[in-house]
Amino acid sequence: MSPHPRLQLTDEVREALADGRPVVALESTIISHGMPYPDNVRMAGEVEDLIRAEGVTPATIAVLDGAPRVGLTADDLEMLGKAVESVTKASVRDLGYVVAKGVHGATTVAATMRLAHLAGIAVFATGGLGGVHRGATSSMDVSADLTELSRTPVAVISAGVKSILDIGLTLEAMETLSIPVIGYQTDEFPSFYSRSSGYAAPMRADSPEELAAIMAAQWDLGVTSGFDIASPIPAADEIPADQIAGIITQALADMDELGLTGKDTTPYLLGRVVELTGGASLTANIALVKNNALLGARLAKAYAALRP
Ligand code: PSU
Ligand code: MN
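Residues numbered from 1 in each chain as written. Chains lettered and ligands numbered in written order. Predicted model: local features only at pLDDT ≥ 70, side-chain atom pairs only at ≥ 80, totals over all residues. Heavy atoms only, no water.

**Re the overall build of the protein chain**
A count of helices and strands for the protein chain gives 13 helices and 11 strands. Expected size for 308 residues packed as a compact globule is a radius of gyration near 19 Å; at 18 Å, the protein chain falls within 12% of this value. Taken along its principal axes, the extent of the C-alpha atoms in the protein chain is 50 × 40 × 35 Å. Taking all 308 residues of the protein chain together, 54% fall into the buried category. As presented, the protein chain carries roughly 12,700 Å² of accessible surface, and 53% of it is formed by carbon and sulfur atoms. (Helix = DSSP H or I, 4+ residues; strand = E, 2+ residues; numbered from the N terminus. Rg over C-alpha atoms; globule rule 2.2 N^0.38 Å. Buried < 20%, exposed > 50% of the residue type's maximum accessible area, 1.4 Å probe, protein only. Areas by Shrake-Rupley, 256 points an atom, 1.4 Å probe, with all protein chains shown as cover.)

**As for the UniProt feature "active site" (unreviewed entry) in the protein chain**
Here the UniProt-annotated "active site" (unreviewed entry) positions come out as E27 and K162. Considered against the largest cavity, the annotated residues that line it turn out to be E27. Residue placement: E27 occurs in the loop between β2 (23-26) and α2 (29-32). For E27, a relative accessible area of 7% translates into the label buried. Beyond its immediate chain neighbours, meaning those up to four positions away, E27 contacts T60, I61, T107, T108, V109, T112, F124, T126 and G128. Along the polypeptide, K162 turns up in the loop between β8 (155-158) and α9 (167-176). When residues no more than four places from it in sequence are discounted, the contact partners of K162 are I167, S191, F192, Y193 and L270. (UniProt positions renumbered as here; feature names shortened; annotations may be inferred. 1 Å grid on protein atoms, 1.4 Å probe; cavity = no way out; pocket = protein on both sides within 12 Å on 5 of 7 lines; lining within 4 Å. Contact = heavy atoms within 4.5 Å.)

**Points about the packing of helix α3 (residues 39-53) against helix α4 (residues 74-82)**
For the pair α3 and α4, interaxial distance at closest approach is 8 Å and the crossing angle is 145°. By crossing handedness, the relation of α3 to α4 is classed as right-handed. Only L77, E78 and G81 of α4 make contact with α3, whose side of the interface consists of N40, V41, A44, G45 and E48. Grouping the constituent residues of the contact of α3 with α4 by class yields 3 nonpolar, 3 polar and 2 charged. (Axes fitted to C-alpha atoms, helices over the stretch in contact; angles between N-to-C directions. Left-handed = near helix turned anticlockwise from the far one by under 90°. Nonpolar A, V, L, I, M, F, W, Y, C, P; charged D, E, K, R; others polar.)

**Notes on unusual backbone geometry**
For the peptide bond that leads from Y37 to P38, omega is 5°, which places it in the cis range. Backbone geometry places M140, a non-glycine residue, at a positive phi of 60°. Among the structural elements, M140 can be located in the loop between α7 (136-139) and α8 (144-149). Judged by relative accessible area, which is 71%, M140 ranks as exposed. Of note in the backbone geometry, S178 takes a positive phi value of approximately 60° without being a glycine. Here S178 lies in the loop between α9 and β9 (181-184). S178 gets classed as partly exposed once you look at its relative accessible area, which sits at 48%.

**Thoughts on the site of ligand 1**
Contacts to ligand 1 come from 15 residues, most closely from E27, K89, S143, D145 and K162. Contacts to ligand 1 include K89, whose side-chain N or O atom sits 2.6 Å from an oxygen atom. One of the side-chain nitrogen or oxygen atoms of T266 is found 2.7 Å away from an oxygen atom of ligand 1. Within the residue set of the shell around ligand 1, elements represented by two or more residues are α2 and α12 (265-276). In terms of residue class, the shell around ligand 1 is made up of 4 nonpolar, 7 polar and 4 charged. (Near = heavy atom within 4 Å. Polar contact = N/O pair within 3.5 Å; in protein donor to acceptor, adjacent residues only side chain to side chain.)

Next comes the structure, spelled out in structure tokens:
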């Protein structure tokens, strides 16, 4: 399959895909709007290195100067992390706009999934998904990540949903949207900084091979939804749920005071939690992204082995 004509792939990614070798997609909103500089750029480079060390090709995705790019250079990552003011947070609905305007777009989980799928990439590793926000029953703030997961066949590995969101409502919404939610080596749905959430994971898998078999079976049956693979933060890196709860409540109150709405809410909350924890949440965030990248590399290998 030749790559989609609108996409610009690096040689590394194009050759890997042409040879049927495993590739893991990575998002860019997490770089531009999810973490502060320079930790964001260091994280992005380290995550790519970790995937390469597994013999797998990383493909960080963004729109740069209007070009949907699959695979980025170190200079691209630096620009995305540093020149944040000139990089729009781009979800699926924004793709046509940033492309036609010729500007930079850092792609969310949703937009990264869509471009990964166009490129022929089935596995995508990140930190946290968007979901149903607390208070969504009146604000209607529900991330387009869920819409996209319901219609694009890409497996997204995250560390679950952090409690800036309503975890229970997010799980309900994913059930309604026919999004399979699989706990990786856990019966409990994780809550990003913490391994526990108090909510059960609807399904469980214990190896990359088991995950790959579920993906292949679902997609062979013509179900075109993606997967939410929820892999808990390593125990050594976790922040206990009761410790982070008060900080998230504070961040939400600060956001309400500022009157923020729409696409600005998630980046604000992420930044505020980093401030309020004195950077401890950032350390945990980077640790869980790396853990997810490693699983992503292993899952991409297992899935590629099923699709010779
Ligand atoms: N959660 C995180 N880190 C992130 C994001 C969410 O812990 O970087 C980003 C992801 O790119 C996700 C997006 O797709 O925020 C969701 O934004 P919104 O809630 O506006 O849909
Ligand atoms: Mn929103």
